[in-house]
Amino acid sequence: MSERPTETDVIVIGGGIAGAGCAFALSAERRVVLLERETQHGYHATGRSAASFTENYGTTVIRKLAIASRGFLENPPAGFTEVPLIAPCGMITIARADQRERLEEEFERGRRLVASLRRLTPAQAVAACGVLRPDYVDGAFLEPDSRELDVNALHTGFLRAAKARGADLRTGHEIAGLRREGDRWLAETPRGLFCAPVVVNAAGAWGDVVARMAGVAPIGLEPRRRTAFNIAAPAGIDMSGWPLINDVDEDFYFKRDAGQIFVSPADATPSEPCDAWAEDLDIAIGVERLQEATTIEVTRILHSWAGLRTFAPDGSPAVGFDPDAPGFFWLAGQGGYGIKTAVALSEASAGLILRDRLPESLERLGLDRADLAPARFRTGAQTTMETV
Ligand SMILES: Cc1cc2nc3c(=O)[nH]c(=O)nc-3n(C[C@H](O)[C@H](O)[C@H](O)COP(=O)(O)OP(=O)(O)OC[C@H]3O[C@@H](n4cnc5c(N)ncnc54)[C@H](O)[C@@H]3O)c2cc1C
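Conventions used here
Residues numbered from 1 in each chain as written. Predicted model: local features only at pLDDT ≥ 70, side-chain atom pairs only at ≥ 80, totals over all residues. Heavy atoms only, no water. Domains from an automatic or database assignment. Contact = heavy atoms within 4.5 Å. Buried area = accessible area lost by both parts, 1.4 Å probe. Salt bridge = Lys/Arg side-chain N within 4 Å of Asp/Glu carboxyl O. Polar contact = N/O pair within 3.5 Å; in protein donor to acceptor, adjacent residues only side chain to side chain. Nonpolar A, V, L, I, M, F, W, Y, C, P; charged D, E, K, R; others polar. Near = heavy atom within 4 Å. Areas by Shrake-Rupley, 256 points an atom, 1.4 Å probe, with all protein chains shown as cover. Helix = DSSP H or I, 4+ residues; strand = E, 2+ residues; numbered from the N terminus.

- The name given to the protein in an unreviewed UniProt entry is FAD-binding oxidoreductase, with the source organism recorded as Aureimonas flava.

**Overview of the domain arrangement of the protein**
Right, on to step 1. Annotation of the protein at the domain level lists domain 1 (6-51 + 151-221 + 314-377) and domain 2 (91-144 + 222-311).
Right, on to step 2. Summarising the inter-unit geometry, the C-alpha centres of domain 1 and domain 2 are found 31 Å apart.
Right, on to step 3. Contacts between the two partners involve 19 residues from domain 1 and, on the opposite side, 16 residues from domain 2.
Right, on to step 4. Of the roughly 1300 Å² buried at the junction of domain 1 and domain 2 (both faces included), carbon and sulfur atoms supply 56%.
Right, on to step 5. Summed over the three residues of domain 1 that lose the most area to domain 2, namely Arg48, Ala50 and Ala205, the buried surface amounts to 39% of that side.
Right, on to step 6. The interface formed by domain 1 and domain 2 contains 1 salt bridge.
Right, on to step 7. In this structure, Asp275 engages Arg48 in a salt bridge whose closest nitrogen and oxygen atoms are separated by 2.8 Å.
Right, on to step 8. At the junction of domain 1 and domain 2, the tally comes to 8 residue pairs in polar contact (both at pLDDT 80 or more).
Right, on to step 9. Looking at side-chain class alone, the side of domain 1 that touches domain 2 contains 9 nonpolar, 9 polar and 1 charged residues.

**Brief notes about the site of the ligand**
Right, on to step 1. Close contacts around the ligand come from 35 residues, with Glu36, Thr46, Ser52, Gly335 and Lys340 the closest.
Right, on to step 2. Between an oxygen atom of the ligand and a main-chain N or O atom of Ala45, the distance comes to 3.2 Å.
Right, on to step 3. Tyr337 is positioned with one of its backbone polar atoms (N or O) 3.4 Å from an oxygen atom of the ligand.
Right, on to step 4. Expressed as a share of its isolated accessible area of 1000 Å², the protein-covered part of the ligand is 97%.
Right, on to step 5. Going through the elements one at a time, helix 1 (17-26), strand 20 (301-311) and strand 23 (334-335) are the ones with two or more residues in the shell around the ligand.
Right, on to step 6. Ranked by residues supplied to the shell around the ligand, first place goes to strand 20 with 3 residues.
Right, on to step 7. Of the residues that constitute the shell around the ligand, the class distribution is 14 nonpolar, 13 polar and 8 charged.
Right, on to step 8. Two domains each provide a minimum of three residues to the shell around the ligand, namely domain 1 (6-51 + 151-221 + 314-377) and domain 2 (91-144 + 222-311).

So, in structure tokens, the structure goes:
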């Protein structure tokens, strides 16, 4: 006798921040089953981020999605979390003399959406982060309202609230087969069958793999590896007010991190979807760039890791129903911005799935469903990556 599938309204594939947020938003009105392959939700990109919330980074669409997420992060619903989801941590973008033109461009571009950006003199930048070399920094600007995210609090907040609303959250459930039968999708896992009229592809770096499995054309997602490592803080330095320091060409960035210093060489090496790890060469590049810009002498790496930032062809996420596969919903291509945009992307997903429109809060910011629609990768038109 064949096994009876578990029936639900929506199957969400992937328990990272995207799947968790979507399950949270949908479970207010629908039955949701979330299926995660690993034994732990958030094992991949979500658990490996730099936890930065900035409104001045990414494509214009990304910037608007971050702005739209801010209200929830500052004032989450009652009972969502016991700790703040964001904490103060300004961001200073620095430039050497040969990068001044680029700094001006970035400042002007940033100011179109983030009016609070302000120029700093090199001396002001060095005063804000005392390890910066005065002879390195030739120009800088500050985003005073950028923040540090508590990724774990946001992720577990989504999962916990979704569960309280009745969502069925499973780990150790890898989707190994996905096919349309009549008006429903049937998902096969080694631990059972599941069926629903709607399936959400929130599989991160595996987004195109899941699509192919379902017989749906891929959209051209590109996972790119990014490395990070922590070093000990130099003795006698007060880091309490440090902002995140970001190179204007995004060649490296660093920030304080629970008594240590987090550093990234901001690498973006194309990769197959995988359990990414840090390469020695990328760590060495990060150390060299940090030592060039600061007085820090790196003697030991305390901890290193890497994760995949997965981009759609134009650098903005793909959120919406596939134009050629009924009930197949994409929530992919969040690049290096999936945490700070997770709230808005969850609301967008629920709006499109439940009401066939974006929430007004997103439309008011000038976001259109076409900005997010996966169909933009199918029209035959060439899409190019927006310079970020
Ligand atoms: C070093 C680094 C720094 C970053 N810094 C920031 C930052 O400062 N701010 C920010 O906003 N973002 C940042 N990001 C980006 C952010 O981490 C990602 O955009 C976000 O985590 C993507 O979430 P996701 O849920 O789409 O993917 P993931 O967290 O990777 O989740 C996808 C899940 O799908 C599961 N899955 C895949 N295939 C299957 C299957 N067949 N069956 C079941 N489950 C499956 C996977 O196991 C995985 O858990 C950074 C990323 C990295 C790597």
